[in-house]
Amino acid sequence: GDKAWREAYCALDNSTLRIFWGGWSPEKAADVEVGMDGLCVDSWEGRPRSLFVKHTMHKTSDQDLLIAFRDDDVFVTWLQRLQAAAYYSAVAQQGVASRHSPVRSIVIQQLDLVNASQLFQGMHIVVTVATSDGAVISSDERVQLPQPTERSLMRFDLCREVPAPDMEGVGVFFEIRHRKGSKAQATKYWAYLDPQLMVQGPLTLQVNKAPVEYEARRQSLALPKAGSKVHLTLLG
């Protein structure tokens, strides 16, 4: 049936999602508090820039949430934060350190590029592993992309598995490049998998514009490509 949407302010405090109807003030207690322990969080197809928070995928509960955002970048950030909170809090409840369940491979499920500057030829994804100070450990061409036909939305359904780095504390960069003739060109767009997000489960990353910022301290300089993202699944 029809869903009644209410404007709210959300705050994530460790593993607790706090929701304030109508807005936040220092004197006001949260109207809704949700412990994220082991909850299911993913994007919702029923509305752009929205996600669901469910207690189980097997049935519907009155405590389930649908949260919609006005901005693409804010949506991606909150999706990542809530997915990470649900995973880490479940691990803490079980008393199992995340290193006991290492990620061994990464499945690149889907890539969306919105309003690309041109219809690139010979598009491909280079997977680069780098340390926090920007030292590149490896850089390998992993995935060939089909020729796009529309600039407004390039959607690539890939389901391509690549190995995860066997070192702890390193980041993974997914660099979208293209060719002119047989000559490879510099990276056009990129996404970054922070080592702190290297946990099993689904994950959505923001796609940024060039240049690539390999140093962790320069990640704040990244220029987001609005509406563009990479969908991953991290496997053990």
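Before going into details, it helps to say that this report is about the structure given with it.

Across its full length, the protein chain holds one helix and 16 strands. What you see for the protein chain is a C-alpha radius of gyration of 19 Å, in line with the 18 Å of a compact globule of 236 residues. A principal-axis box enclosing the C-alpha atoms of the protein chain has dimensions of 60 × 40 × 35 Å. Counting the 236 residues in the protein chain, one finds 42% classified as buried. Considering only residue pairs separated by 6 or more positions, the protein chain has 59% of its internal contacts joining residues 24 or more positions apart. About 13,000 Å² of surface is accessible on the protein chain, with carbon and sulfur atoms providing 47% of the total.

Before going further, it helps to examine the sheet that holds strand β9 (residues 136-144). One open sheet accounts for eight strands, arranged β9-β8-β11-β14-β15-β16-β7-β10; its pairing is antiparallel. With partners counted over all chains shown, the strands left at the sheet margins are β9 and β10 (153-163), one partner each. Direction aside, neighbouring strands of the sheet carry axes that sit 25° apart on average. Note that strand β14 (residues 189-193) and strand β15 (residues 201-209) share three bridges and pair antiparallel. If you follow Tyr189 over to β15, its bridge partner there is Lys209.

With that settled, the discussion passes to the nonpolar core. Membership of the largest hydrophobic core comes to 32 residues, with the highest contact counts inside it found for Ile106, Leu111, Ile125, Phe174 and Leu193. Counting residues per element, the ones that place at least two in this core are β7 (105-114), β8 (124-130), β10, β11 (171-177), β14, β15 and β16 (223-235). Sequence-distant contacts of Ile106, defined by excluding residues within four places in its chain, comprise Arg160, Glu161, Val162, Ala164, Phe174, Leu193, Met198, Leu232, Thr233 and Leu234. Grouped together as the second largest cluster of nonpolar side chains are 20 residues, Leu17, Leu39, Leu51 and Val76 included.

To continue, consider the sheet that holds strand β1 (residues 8-13). The three strands are arranged β1-β2-β3 in an open sheet whose pairing can be described as antiparallel. Of all strands in the sheet, those with a lone pairing partner are β1 and β3 (32-35), marking the two edges. If you compare each strand with its neighbour and ignore which way they point, the axes differ by 20° on average. Examined bridge by bridge, strand β2 (residues 16-21) and β3 share four bridges and lie antiparallel to one another. The residue bridging Leu17 from the neighbouring strand is Val34, located in β3.

Once that is clear, we can look at the pairing of β8. Taking burial as the measure, the seven residues of β8 include seven buried ones, the bulk of the element. Here β8 shows no split at all, with His124, Val126, Thr128 and Ala130 on one side and Ile125, Val127 and Val129 on the other all buried. Looking at chain direction, β8 and β9 are connected through seven bridges and run antiparallel. Paired with His124 across the strands is Gln144, a residue of β9. Between β8 and β9, which pair antiparallel and follow one another directly, the connecting turn spans five residues, one of which, Gly134, has a positive phi of 95°.

Right, let's get into the pattern of salt bridges. Inspection of the entire model under this criterion finds 12 salt bridges. The partner of Asp13 in a salt bridge is Arg18, and the shortest N-O contact between them spans 2.8 Å. Note that Lys54 is salt-bridged to Asp64, the shortest N-O span being 3.1 Å. Taken as a pair, Lys54 in strand β5 (residues 50-54) and Asp64 in the loop between β5 and β6 (65-68) lie far apart in primary sequence, 10 residues in all. The two residues Lys54 and Asp64 agree in class, both being buried. One salt-bridge network, in which partners are shared between bridges, spans Asp13, Arg18 and Glu33.

The next thing to look at is unusual backbone geometry. Trans peptide bonds make up most of the peptide bonds, and negative phi angles are found at most residues other than glycine. Here Ala210 and Pro211 are connected by a cis peptide whose omega angle stands at 5°. A positive phi angle is found at Asn115, which is not glycine, with a value near 55°. Looking at the element boundaries, Asn115 is found in the loop between β7 and β8. One non-glycine residue with positive phi stands out, namely Cys159, at about 50°. Owing to a relative accessible area of 54%, Cys159 belongs among the exposed residues under this scheme.

Thresholds, definitions, all that
Residue numbers here run from 1 along each chain, matching the order of that chain's written sequence. Residue-level local features of this predicted model are given only where pLDDT is at least 70; pairs of side-chain atoms are given and counted only at 80 or more, and the full residue set underlies all totals for whole chains, interfaces and linings. Side-chain measures here rest on the full set of heavy atoms in the structure, leaving out hydrogens and waters. Secondary structure elements are defined from DSSP: runs of H or I of at least 4 residues count as helices, runs of E of at least 2 residues count as strands, and each element is numbered from the N terminus. Note on method: radius of gyration uses C-alpha positions; expected globular size equals 2.2 Å times residues raised to 0.38. The buried label applies to any residue whose accessible area, calculated with a 1.4 Å probe on protein chains only, is under 20% of its type's maximum; exposed applies above 50%, and partly exposed to all values in between. Only heavy atoms matter for contacts: two residues are in contact if any of them lie within 4.5 Å across the pair. Residue exposure ignores everything except the shown protein chains as possible cover, and the areas themselves are Shrake-Rupley values with a 1.4 Å probe. Two strands are said to pair when DSSP picks up at least two bridges between them. Note on method: axes are straight lines fitted to C-alpha atoms, helices fitted across the in-contact stretch only, with angles between N-to-C directions ranging 0 to 180 degrees. We define the nonpolar core as a collection of buried residues of types Ala, Val, Leu, Ile, Met, Phe, Trp, Tyr and Cys that are connected through side-chain atoms lying within 4.5 Å of one another. Salt bridge, as used here, is a side-chain nitrogen of Lys or Arg placed within 4 Å of a carboxyl oxygen of Asp or Glu.

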